[in-house]
Amino acid sequence: MNRPSDPSTTQPAPQRQLRRAMSARHLVMIALGGVIGSGLFLSSGYTIHQAGPLGAVLAYLLGAFVVWLVMVCLGELAVVYPVSGSIHIYAARTMGPATGFVTAWLYWLCWVVALGSEFTASGILMQRWFPNVDVWVWCLVFAGILFTLNAISARVFGETEFWFAAIKVIAILALIVLGTMAIFGFTPLSTSPHEAVLLSNFETPDGLLPAGLGGVLITSLAVFYAFSGAELVGVAAGETKDPGRNIPRALRSTVLRLLVLFVCSITVIAALLPYEQAGLSSSPFVDVFEYVGVPYAADIMNFVVITALLSVGNSGLYSCARMLFSLAEEGYAPRAFTRLTRRGIPMIALLVSLAIGLVSLISSVIAAETVYLVLVSIAGFAAVAVWMSIVAAQFFHRRAFVRGGGDVATLVYRTPFYPVVPILAFVLLTASIVAIAFDPEQAPALYFGIPFVGLCYLYFWWRYGRKGVAPRPLDEEAPVA
């Protein structure tokens with residue numbers, strides 16, 4: 001196994017390369033843009049309803065903890081291998097090319113399926129204002145917008161995603177601030193006074209945990225999926241200026257902001273809304289904004305959720321294109337995907353990813369109970385499986401690095417508490433995969449996800465053999481500006 005090179009001493013970049021145009025603030029907002037979507041704005045109330053107020057908060061705390069475990073593992077790998085679409089590179093270099101191949105296609109399929117669902121949901125929400133315009137028209141409009149943003153340059157994508165994500169963050173902060181004031185009985189925007197509720201809604205007729213610890217664990221499965229997207233920091237590593245400095249900064253900022261935004265907003269919602277009614281008929285954000293007296297709360301949140309969906313789709317399309325580019329660079333996808341525009345955009349990879357995303361959208365209409373069910377199930381399975389691949393790759397990378405005579409102190413960024421962190425993360429993620437079997441609604445993720453992984457391995461061994469294609473030297477695949 002090749003020893004990772006120090007990015008600061010890497011040789012000049014080859015002629016074909018993506019441009020390093022994004023800073024730490026772009027990385028943070030790309031990660032937040034990939035994470036904060038309809039799951040928080042629309043489904044968080046249902047989570048509270050299922051697990052109870054305290055149970056939902058505990059589930060999100062557990063999810064944030066697992067995100068931290070995964071991100072600190074990702075940090076060490078992303079600095080060592082700062083190449084675009086690098087998530088599968090980690091697995092390929094540490095666990096073998098077949099595992100890297102499977103990881104790449106799982107992750108690509110996860111985001112491709114997400115594209116179709118984000119376009120559809122955005123179109124449905126637009127009908128609130130334009131009821132006479134068909135949903136498919138909005139799907140094409142939004143697909144064209146996201147394609148344009150991704151096709152201009154990586155910097156334009158990063159800057160757009162920054163502002164997309166900023167809108168969502170502002171909405172969440174508004175909920176936290178106004179909701180906290182309302183908890184203590186201060187609602188200056190409301191025409192009718194409200195008494196201080198404090199934490200009275202946390203005490204339910206069935207106790208603090210009405211669904212028990214089992215409700216917390218079952219809910220945590222959905223919470224893990226809600227946090228997926230944070231790993232986009234690693235996908236964008238190849239287009240980041242000064243990866244050794246910006247990637248660790250982005251990782252720390254992302255985890256801290258996700259913790260504050262998710263846990264605080266869930267706590268506020270749980271404190272203000274009785275858990276029996278939370279999220280059953282509308283967005284809990286709309287319910288809280290109406291409670292505190294925000295005018296036009298429903299229209300404001302409709303705009304915010306559409307922005308959130310487009311932000312997730314924007315990040316997803318970016319991720320898909322970079323994953324195909326990286327696979328082609330490794331020799332496991334058509335070489336045409338490595339072709340770049342003069343601005344450093346993998347245009348063919350971008351077009352193919354968007355096209356397959358639209359095919360996914362069509363299958364959701366004409367084959368919802370067959371093809372689309374399979375795609376969605378595999379995508380859900382992939383969200384956790386890719387995280388398992390990341391933490392396993394960090395474990396094997398560090399072990400190989402030390403056995404090869406490497407000095408851990410020389411690593412620009414190193415995962416703390418090794419090997420406890422990657423092992424604990426892998427155990428928790430494995431437990432969540434196993435627990436899926438006990439949830440009838442999520443069980444198809446195992447029925448289709450595991451066979452898909454097996455078929456990917458079999459195809460790789462049939463097409464490329466056990467050893468696969470010889471990897472390029474590390475000093476060529478990790479150019480640092």
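Up top is the structure.
Predicted, not measured: the structure shown is a model, and the values here were computed from it.

Here the residue pair Tyr418 and Pro419 is connected by a cis peptide bond, since its omega of 5 degrees sits within 30 degrees of zero. Residue placement: Pro419 occurs in the loop between α15 (371-403) and α16 (420-436). A positive phi is found at Phe417, a non-glycine position, where the angle reads about 55 degrees. Its location among the elements puts Phe417 in the loop between α15 and α16.

As a further point, take a nonpolar patch on the surface. A surface patch of nonpolar side chains, amounting to about 390 Å² of accessible area, comprises Leu58, Leu61, Leu256, Leu259 and Val260. For the nonpolar patch, the elements supplying multiple residues, two or more each, are α4 (53-80) and α11 (243-272). Here the nonpolar patch gets three residues from one element, more than from any other, and that element is α11. Relative to the helices and strands, Leu256 is located in helix α11. According to the relative accessible area criterion, Leu256 is exposed, its value standing at 54%.

What follows concerns the layout of surface pockets. Each pocket or cavity is described by its volume, and for the largest pocket that value is around 1700 Å³. For the largest pocket, the lining is made up of 49 residues, of which Ala222, Tyr225, Ala226, Val376 and Gly380 are closest to its centre. Taken together, the elements giving at least two residues each to the lining of the largest pocket come down to α1 (24-35), α2 (38-41), α3 (44-51), α6 (97-126), α9 (212-227), α13 (297-330), α15 and α17 (444-464). If one sorts the elements of the lining of the largest pocket by residue count, α15 sits on top with 10 residues. Residue composition of the lining of the largest pocket, by class: 30 nonpolar, 15 polar and four charged.

Once that is clear, we can look at the side chain of Thr415. Tracing the sequence through the fold places Thr415 in the loop between α15 and α16. Polar contacts involving the side chain of Thr415 include one to the main-chain carbonyl oxygen of Val72, which spans 2.7 Å. Among the polar contacts listed, one links the side chain of Thr415 to the side chain of Gln394, at a separation of 3.4 Å. Discounting chain neighbours no more than four positions away, the residues touching Thr415 are Val72, Cys73, Glu76, Gln394, Arg398 and Val421.

Thresholds, definitions, all that
- Residues numbered from 1 in each chain as written.
- Predicted model: local features only at pLDDT ≥ 70, side-chain atom pairs only at ≥ 80, totals over all residues.
- Heavy atoms only, no water.
- Helix = DSSP H or I, 4+ residues; strand = E, 2+ residues; numbered from the N terminus.
- Patch = residues over 30% accessible without salt bridge, like charges linked within 9 Å, V, L, I, M, F, W, Y side chains within 5 Å.
- Areas by Shrake-Rupley, 256 points an atom, 1.4 Å probe, with all protein chains shown as cover.
- Salt bridge = Lys/Arg side-chain N within 4 Å of Asp/Glu carboxyl O.
- Buried < 20%, exposed > 50% of the residue type's maximum accessible area, 1.4 Å probe, protein only.
- 1 Å grid on protein atoms, 1.4 Å probe; cavity = no way out; pocket = protein on both sides within 12 Å on 5 of 7 lines; lining within 4 Å.
- Points joined across faces, edges and corners; volume = space filled by probe spheres on them.
- Nonpolar A, V, L, I, M, F, W, Y, C, P; charged D, E, K, R; others polar.
- Polar contact = N/O pair within 3.5 Å; in protein donor to acceptor, adjacent residues only side chain to side chain.
- Contact = heavy atoms within 4.5 Å.

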